[in-house]
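Topology and contacts: notes
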Amino acid sequence: MTLAIDLLNPLESSEKRSHKLKRLVQSPNSFFMDVKCPGCFQITTVFSHAQTVVICGGCATVLSQPTGGKARLT
């Protein structure tokens, strides 16, 4: 009797859909990213699920807007 799916080598697409704690190797959905300001080219670290507006420290340009889940880069 064989299984229809391989439990030790799951597809990457099915791993992305599954809950972060039910994956073969647990990993978070969130991450930090370096965003370069289009005006002054200063690099700012932004959290992927930021809940507040992120503003550039050099020129006060809005870098990301919060949404319901992930932050939207502007």
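Here goes a summary of the coordinates provided. (Residues numbered from 1 in each chain as written. Predicted model: local features only at pLDDT ≥ 70, side-chain atom pairs only at ≥ 80, totals over all residues. Heavy atoms only, no water.)

**Overview of a nonpolar patch on the surface**
Taken together, the side chains of Leu3, Ile5 and Leu7 present a nonpolar region at the surface, about 340 Å² in accessible area. Secondary-structure assignment places Ile5 in the segment before helix H1 (12–17). The exposed category is assigned to Ile5, whose relative accessible area is 59%. (Patch = residues over 30% accessible without salt bridge, like charges linked within 9 Å, V, L, I, M, F, W, Y side chains within 5 Å. Areas by Shrake-Rupley, 256 points an atom, 1.4 Å probe, with all protein chains shown as cover. Salt bridge = Lys/Arg side-chain N within 4 Å of Asp/Glu carboxyl O. Helix = DSSP H or I, 4+ residues; strand = E, 2+ residues; numbered from the N terminus. Buried < 20%, exposed > 50% of the residue type's maximum accessible area, 1.4 Å probe, protein only.)

**Observations regarding the nonpolar core**
Counting nine residues, the largest nonpolar core is built from Met33, Val35, Cys37, Val46, Ala50, Val54, Cys56, Leu63 and Ala71. Discounting chain neighbours no more than four positions away, the residues touching Val54 are Thr44, Val46, Thr61, Val62, Leu63 and Ser64. (Core = buried A, V, L, I, M, F, W, Y, C linked by side-chain atoms within 4.5 Å. Contact = heavy atoms within 4.5 Å.)

**Some remarks on the packing of aromatic side chains**
Under the definition given, this model contains one aromatic pair. With centroids separated by 5.0 Å and ring planes inclined at 50°, the aromatic side chains of Phe32 and Phe47 adopt a geometry described as tilted. Of the two residues, Phe32 sits in strand E1 (residues 32–36) while Phe47 sits in strand E2 (residues 43–47), which places them 15 residues apart along the sequence. For Phe47, a relative accessible area of 31% gives the class partly exposed. (Phe/Tyr/Trp six-rings, centres within 6.5 Å; stacked < 30°, edge-to-face > 60°.)

**Focus on the environment of Leu8**
Topologically, Leu8 is positioned in the segment before H1. Residues Leu8 and Gln26, spaced 18 residues apart in sequence, show a C-alpha to C-alpha distance of 14 Å.

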